[in-house]
Amino acid sequence: MANLLVGCVTASNVDEVRAGMSPDQVQTILGEPETVAHAPGSQCSYYTVLKDFWSRTPWTMTNRYVVCYDDGRVKSFGRADVPNSG
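Residues numbered from 1 in each chain as written. Predicted model: local features only at pLDDT ≥ 70, side-chain atom pairs only at ≥ 80, totals over all residues. Heavy atoms only, no water.

**Student:** So, the overall build of the chain: which residues are in play, and what are the values?
**Tutor:** Check the secondary structure of the chain and you find two helices and five strands. Beginning at the N terminus, the succession of helices and strands in the chain can be written as β-α-α-β-β-β-β. Accessible surface, the chain as shown: approximately 6100 Å² in total, 55% of it carbon and sulfur. (Helix = DSSP H or I, 4+ residues; strand = E, 2+ residues; numbered from the N terminus. Areas by Shrake-Rupley, 256 points an atom, 1.4 Å probe, with all protein chains shown as cover.)

**Student:** Could you give an account of the nonpolar core, naming the residues involved and the relevant values?
**Tutor:** By size, the foremost hydrophobic cluster in this structure holds 13 residues, and its most contacted members are Val26, Leu30, Tyr47, Tyr65 and Val67. Other than its neighbours up to four places away in sequence, valine 67 contacts Val26, Leu30, Gln43, Cys44, Ser45, Tyr47, Val74, Ser76 and Phe77. (Core = buried A, V, L, I, M, F, W, Y, C linked by side-chain atoms within 4.5 Å. Buried < 20%, exposed > 50% of the residue type's maximum accessible area, 1.4 Å probe, protein only. Contact = heavy atoms within 4.5 Å.)

**Student:** Account for the pattern of salt bridges, with residues named and values stated.
**Tutor:** If you walk through the whole model with that rule in mind, you get two salt bridges. Between glutamate 34 and arginine 64 there is a salt bridge; the shortest N-O distance is 3.1 Å. Taken together, the residues span a long stretch of sequence, with glutamate 34 in the loop between α2 (23–30) and β2 (35–39) and arginine 64 in strand β4 (residues 62–70) at a distance of 30 residues. Exposure remark for glutamate 34: the relative accessible area of 45% places this residue in the partly exposed category. Aspartate 70 serves as the salt-bridge partner of lysine 75, at 3.5 Å between the closest nitrogen and oxygen. Here aspartate 70 falls in the partly exposed class, since its relative accessible area comes to 32%. (Salt bridge = Lys/Arg side-chain N within 4 Å of Asp/Glu carboxyl O.)

**Student:** How would you explain the confidence of the model for the chain if you had to name every residue and give the values?
**Tutor:** Mean pLDDT over the chain works out to 80, with 72% of the residues at or above the 70 mark. Every residue in residues 1–6 is under pLDDT 50, and counting partners more than four places away or in other chains gives one contact. (pLDDT = per-residue confidence, 0-100.)

Spelled out as structure tokens, the structure:
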């Protein structure tokens, strides 16, 4: 069962992320991102966050979380929305 949680971040870890942090500081808290999107002067790192016990349902145990950097510092962070299909 422990293998199912490898790579997942908990909500308490996410609460420690603050604007102005460096990517190294964020990785110390959240670990390596699952994916990273780059644009000139900025990047966004994506993580899977394990929902707290009371927010879970059998088909939704996790949320996507994104941290975006501008010039090497956290500019924005929060739950990543599911892309619209259409």
